[in-house]
Amino acid sequence: MSAKNLDQKGRLRSKIISFRMSPEENKLLDRKVLLSGYTKQDYIISCILNKEIAVYGNPYVFRSLHDELVRIIEIHGVNIADEDDEEMIEWALKMVLAMRKKAKTDLFSR
């Protein structure tokens with residue numbers, strides 16, 4: 001049995017769940033997954049089950065954060081009109097502030 005099929009508590013993940021998304025929703029989801037450092041599957045499961053998504057700084061997360069900020073600046077400059085980009089900027093800034101304090105970043109809040 002491979003580790004891919006086990007959850008964090010060692011239980012076998014044997015159920016398949018699928019759904020459709022628009023290209024825009026998929027793009028936003030991909031951006032959030034990159035910044036979280038989770039796998040897409042773990043990120044979606046955590047969101048659906050209302051679990052806390054805590055991001056801890058590591059080289060992968062720092063690189064994703066850098067790439068996201070550069071992407072937003074290249075596309076919009078200082079005028080941000082896209083709602084998805086506003087949300088991503090808010091996430092990125094929360095991450096930067098928490099990493100500066102060396103605290104965990106809670107990205108999932110309802």
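It should be emphasised that the depicted structure is a prediction, and the values quoted were computed from it without experimental measurement.

Student: Just checking my understanding: could you explain the nonpolar core for this structure?
Tutor: Soluble globular proteins tend to pack their nonpolar side chains together in the buried interior. By size, the foremost hydrophobic cluster in this structure holds nine residues: L28, L35, V61, L65, I72, M88, A92, M95 and M99. When contributions to this core are tallied by element, the ones reaching two or more residues are α1 (23–36), α3 (59–76) and α4 (83–101). With four residues, the top contributor of residues to this core is α4. Core analysis: the next-biggest nonpolar cluster, separate from the first, contains six residues, V33, Y43, C47 and W91 among them.

Student: It is not clear to me how the packing of α1 against helix α2 (residues 40–48) should be interpreted in this structure. Could you clarify?
Tutor: For any two helices packed against each other, the geometry comes down to the angle between their axes and how far apart the axes lie. With their axes 10 Å apart at the nearest point, α1 and α2 run at an angle of 100 degrees to one another. As summarised for this structure, α1 and α2 are arranged roughly perpendicular, according to the angle between their axes. Where α1 abuts α2, its residues N26, L29, D30, K32, V33 and S36 lie against K40, Y43 and I44.

Student: Would you mind going over the environment of R11 with me for this structure?
Tutor: Turning to its location among the elements, R11 is positioned in the segment before α1. Since its relative accessible area comes to 47%, R11 is described here as partly exposed.

Parameters and conventions
Residues numbered from 1 in each chain as written. Predicted model: local features only at pLDDT ≥ 70, side-chain atom pairs only at ≥ 80, totals over all residues. Heavy atoms only, no water. Core = buried A, V, L, I, M, F, W, Y, C linked by side-chain atoms within 4.5 Å. Buried < 20%, exposed > 50% of the residue type's maximum accessible area, 1.4 Å probe, protein only. Helix = DSSP H or I, 4+ residues; strand = E, 2+ residues; numbered from the N terminus. Axes fitted to C-alpha atoms, helices over the stretch in contact; angles between N-to-C directions. Parallel < 35°, antiparallel > 145°, perpendicular 65-115°, else oblique. Contact = heavy atoms within 4.5 Å.

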